[in-house]
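Results of the structural survey
In case you want the letters, here they are:
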Amino acid sequence: MAKVNIALDAELVVEVMVLAGVGNPQDAVEAVVRDYIARGHRTEARVASRDEPHRTGEGLTPPEPSQG
């Protein structure tokens, strides 16, 4: 796997280490990135499942005829 080196504010990294309960900066940053990606995938799945009936027309009730 390719590696990327970046500079981060040390206070941010320490705070993430404490919140994530990990002992080194590398694991802390990886945990945050993995969580962010997983959250994005969950959001995509929720939106797709919510929009599925509108895309396929399944489960939608036809409009009621107008009375008048």
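These figures come from a predicted structure and were not determined experimentally. (Residues numbered from 1 in each chain as written. Predicted model: local features only at pLDDT ≥ 70, side-chain atom pairs only at ≥ 80, totals over all residues. Heavy atoms only, no water.)

This brings us to the pattern of salt bridges. Within this structure, the stated rule accounts for one salt bridge. Its salt-bridge partner being Asp35, residue Arg39 comes within 3.0 Å of it at the nearest N-O pair. Placement of the pair is Arg39 and Asp35 together in helix H2 (residues 25–56), with a separation of four residues, close to one helical turn. Overall, Arg39 belongs to the partly exposed group, its relative accessible area being 48%. Classification of Asp35 as partly exposed rests on a relative accessible area of 36%. (Salt bridge = Lys/Arg side-chain N within 4 Å of Asp/Glu carboxyl O. Helix = DSSP H or I, 4+ residues; strand = E, 2+ residues; numbered from the N terminus. Buried < 20%, exposed > 50% of the residue type's maximum accessible area, 1.4 Å probe, protein only.)

The subject of this paragraph is the environment of Glu30. Turning to its location among the elements, Glu30 is positioned in helix H2. Among the residues examined, Glu30 registers a relative accessible area of 30% and is labelled partly exposed.

Another point: helix H1 (residues 10–20). At the N-terminal boundary of H1, the capping side chain belongs to Asp9, with an oxygen 2.8 Å from the backbone nitrogen of Glu11. Among the residues trailing H1, Gly21 stands out with phi positive, at a value near 70°. (Polar contact = N/O pair within 3.5 Å; in protein donor to acceptor, adjacent residues only side chain to side chain.)

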